[in-house]
Amino acid sequence: MGQSMNRLKPPTGIIPQATLAPELWLAIFEHLPFRTLHDVTLTCQSFRRLAQPLLFRSLTFCPYSLDNNNQRFIHRLETVERTKQRIQFCSSARIAHAVRECKLYPRYIVGAVLNQKIAYNVILDILLDTLPLFVNLQSLSSMFVDLSQSQVLKLCALRSLGSLFLGNCTVEHVQSLSSPKLQVANLTIICDNKIVLENSQNSHGLSVFSPDHIRSVSIINPATASYFLNNFIGNASQGLLQLRRLTLPCDLEVVRALRPLLHLIPELAELKFARPSQMRYNLPKDEEFSLSAHTYPLKPLSKYQGPHQLLRHFVRPGALEHLNLWSTCPESIDGSMNFMELNGVLVGGDELVRACDPEVLRTVQILELSVTQVNSLMLQAICTRFPILRSLYMYAARGFFPDAATQAWDLEVITDALLTLPLPSTIQSLRLSSYSAVSRSGITTEDRLARRKRDLRIKYPNLTFVSLDESDINLTWDRNRVFHY
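Residues numbered from 1 in each chain as written. Predicted model: local features only at pLDDT ≥ 70, side-chain atom pairs only at ≥ 80, totals over all residues. Heavy atoms only, no water.

Attention shifts here to the overall build of the protein. Looking only at helices and strands, the protein features 16 helices and 18 strands. Burial analysis of the protein (485 residues in total) assigns 45% to the buried set. Sequence-distant contacts, at least 24 apart, represent 72% of the contacts inside the protein between residues at least 6 apart. Carbon and sulfur atoms make up 52% of the accessible area of the protein, which amounts to about 24800 Å² in all. (Helix = DSSP H or I, 4+ residues; strand = E, 2+ residues; numbered from the N terminus. Buried < 20%, exposed > 50% of the residue type's maximum accessible area, 1.4 Å probe, protein only. Contact = heavy atoms within 4.5 Å. Areas by Shrake-Rupley, 256 points an atom, 1.4 Å probe, with all protein chains shown as cover.)

What follows is the structure, given as structure tokens:
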């Protein structure tokens, strides 16, 4: 009996024949977290062959080091040899097909002694030569990596790429490109170093990108954004027909450059303006252009993120679903809106604020607002203008005003408003968040709050209190099932 039982046991390290096919095991392994996947590779040889390549789906390399003055160098020759061995392993036939993401991030070394005997770009050249071996590479990110013309041409050997992120990178402009242009779907350029942009020939090498394949562009630096608009989109013979998402800095010159080019991006569905660290002017200040004056038919946006001052210039009614609003008024240092400004934007009646078109707001389902304080009158205006709202997020950026001990909101007032206001029947989530707020204390307040919670459960049987306090009010409505308390 014991011998027959032993014959039924499969040999160690071999997947039993009656189990799942390797393709199914691989599909399961792809959903495991990194630590669990590492444990799977230690189970048996078969699982190791299947799962080990998945451990290298995301790679990070250090092409060189940077000192205090941002000078590039490689400190030791051993670093080159060790990195070459790692690159050779990752680019082997067994591993390379699993690589999906590659990051090139230099390392800062304070007080290092520069080694002039080693060319600082030797590892970077090897990496760029190796990238085409990662046949399934989808994303490439670089920070503080400078690319010469020859290195840019090596990058073009990838032919296509899902996402390319360039952070504070100087990429030389290629005058004559014989090889096919790089087909990038999602392009992100972040630059906070003005020196990089002083030479117009650098311009982040935009000439190497194919305008026919870009679906998303995010550029935060105003000078780079202006160059992209005037020289890349403006010189594209047929425009950017695939561009769906565009993020630009909230800068007056950038806005002026974008307006006459809208007809060159006919499929644009999402427009975002990045909020500056400090407001410097009311944007736009003296502009009179409007969408009605545009000679080309424009597709309505489905998502807009930016100041309410620009909403009427770029958003047509009929399709807007996601709206994120803030302000460029100089009085608002952080972009938050007070009650009078927000009420003027939504309802009107303020000579200093232009009201939004009610037809634009009528289709919004997701609303995000940056405000100084939340009160019941704000919620009343929101209920009036957004009849099919599903999600509301209001962020009180300061919590306290500098000239008064006013809280970001009064918890009892907000709960009373929820009991009396005609919230849209479509609402599923309401969140109020504050940077700093003082929580209330006391038995009387807690008793009143408990009664209001009970009343809210009666009025909204599908309501869940994820959080309900001074620092964060987070409520959700579950449409699929009724909660029992």
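All told, the structure shown has 10 aromatic pairs when counted by the stated rule. Taking 5.2 Å as the distance between ring centres and 80° as the angle between the ring planes, the aromatic pair formed by F29 and F47 counts as edge-to-face. Residue F29 is located in helix α2 (residues 22-29), and its partner F47 is located in helix α4 (residues 45-51); the two are separated by 18 residues in the primary sequence. For F29, a relative accessible area of 3% corresponds to the buried category. With a relative accessible area of 13%, F47 lands in the buried category. Judged by centre distance (5.5 Å) and plane angle (85°), the ring pair of Y460 and W477 falls under edge-to-face. With Y460 in the loop between α16 (443-459) and β17 (463-468) and W477 in strand β18 (residues 472-477), this residue pair connects regions lying 17 residues apart in the sequence. Among the aromatic residues, those joined into a ring-pair cluster are W25, F29 and F47. Between the NZ or CZ atom of R86 and the centre of the ring of F61, over which it lies, the distance is 4.4 Å. (Phe/Tyr/Trp six-rings, centres within 6.5 Å; stacked < 30°, edge-to-face > 60°. Lys NZ or Arg CZ within 6 Å of the ring centre and 35° of its normal.)

Positioned with a positive phi, F144 is a non-glycine residue whose angle comes to about 55°. With respect to the helices and strands, the residue F144 is situated in the loop between β6 (139-143) and α7 (149-156). Given the relative accessible area of 24%, F144 is considered partly exposed. Non-glycine residue N168 carries a positive phi angle of around 55°.

Locating S467 in the fold gives a position in strand β17. The exposure class of S467 is buried, given its relative accessible area of 17%. In this structure the side chain of S467 is engaged in a polar contact, spanning 2.7 Å, whose partner is the backbone oxygen of D472. Setting aside anything within four residues of it in sequence, one finds S467 in contact with D472, I473, N474 and L475. (Polar contact = N/O pair within 3.5 Å; in protein donor to acceptor, adjacent residues only side chain to side chain.)

What follows is about the packing of helix α6 (residues 122-130) against α7. Their axes nearest at 8 Å, the elements α6 and α7 cross at an angle of 25°. Considering the angle they form, α6 stands roughly parallel to α7. Crossing handedness for the pair α6 and α7: left-handed. Counted together, L124, D125, L128 and D129 of α6 and Q151, K154 and L155 of α7 form the full contact between these two elements. For the contact of α6 with α7, a count of residues per class yields 3 nonpolar, 1 polar and 3 charged. (Axes fitted to C-alpha atoms, helices over the stretch in contact; angles between N-to-C directions. Parallel < 35°, antiparallel > 145°, perpendicular 65-115°, else oblique. Left-handed = near helix turned anticlockwise from the far one by under 90°. Nonpolar A, V, L, I, M, F, W, Y, C, P; charged D, E, K, R; others polar.)

Right, let's talk about the sheet that holds strand β5 (residues 107-108) for a bit. Taken in spatial order, the 3 strands line up as β3-β2-β5 in an open sheet, and their pairing is mixed. The outermost strands of the open sheet, each flanked by one partner alone, are β3 (72-73) and β5. In this structure, strand β2 (residues 65-66) lies alongside β5, joined through 2 bridges in parallel fashion. Directly across from L66, in β5, lies its bridge partner Y108. (Pairing = 2+ DSSP bridges.)

All right, on to the packing of helix α12 (residues 339-346) against helix α14 (residues 376-385) then. Remark: α12 packs on α14, axes separated minimally by 10 Å, with the N-to-C direction vectors making an angle of 15°. Relative to α14, α12 is oriented roughly parallel. The element α12 and its partner α14 pack so that their crossing is left-handed. Between α12 and α14, the contacting residues are F339, L342, N343 and L346 on the first element and L377, M378, A381, I382 and R385 on the second. A class-by-class count of the residues in the contact of α12 with α14 yields 7 nonpolar, 1 polar and 1 charged.

This brings us to the environment of C383. Looking at the element boundaries, C383 is found in helix α14. When its relative accessible area of 13% is taken as the criterion, C383 is described as buried. In this structure the C-alpha to C-alpha distance between C383 and L423, which are 40 residues apart in sequence, comes to 5.7 Å. Sequence-distant contacts of C383, that is, excluding residues within four places in its chain, are made with L421, P422, L423 and P424.

Once that is clear, we can look at the environment of F56. Summarising the element assignment, F56 is placed in the loop between α4 and β1 (58-61). For the pair F56 and C102, spaced 46 residues apart in sequence, the C-alpha to C-alpha distance is 9.7 Å. If near-sequence neighbours (up to four positions away) are discounted, F56 is found in contact with F89, C90, I95, A98 and V99.

It is worth spelling out the pairing of β18 at this point. Put simply, side chains in a regular strand alternate between the two faces of the sheet. In terms of residue burial, β18 counts as a mostly covered element, since 5 of its 6 residues are buried. When strand β16 (residues 429-434) meets β18, the two strands line up antiparallel, connected through 5 bridges. Counterpart to S429 in the pairing with β18 is T476. Two elements, β17 and β18, share 5 bridges in a ladder whose sense is antiparallel. Each bridged residue has a counterpart across the sheet, and for L463 the counterpart in β18 is W477.

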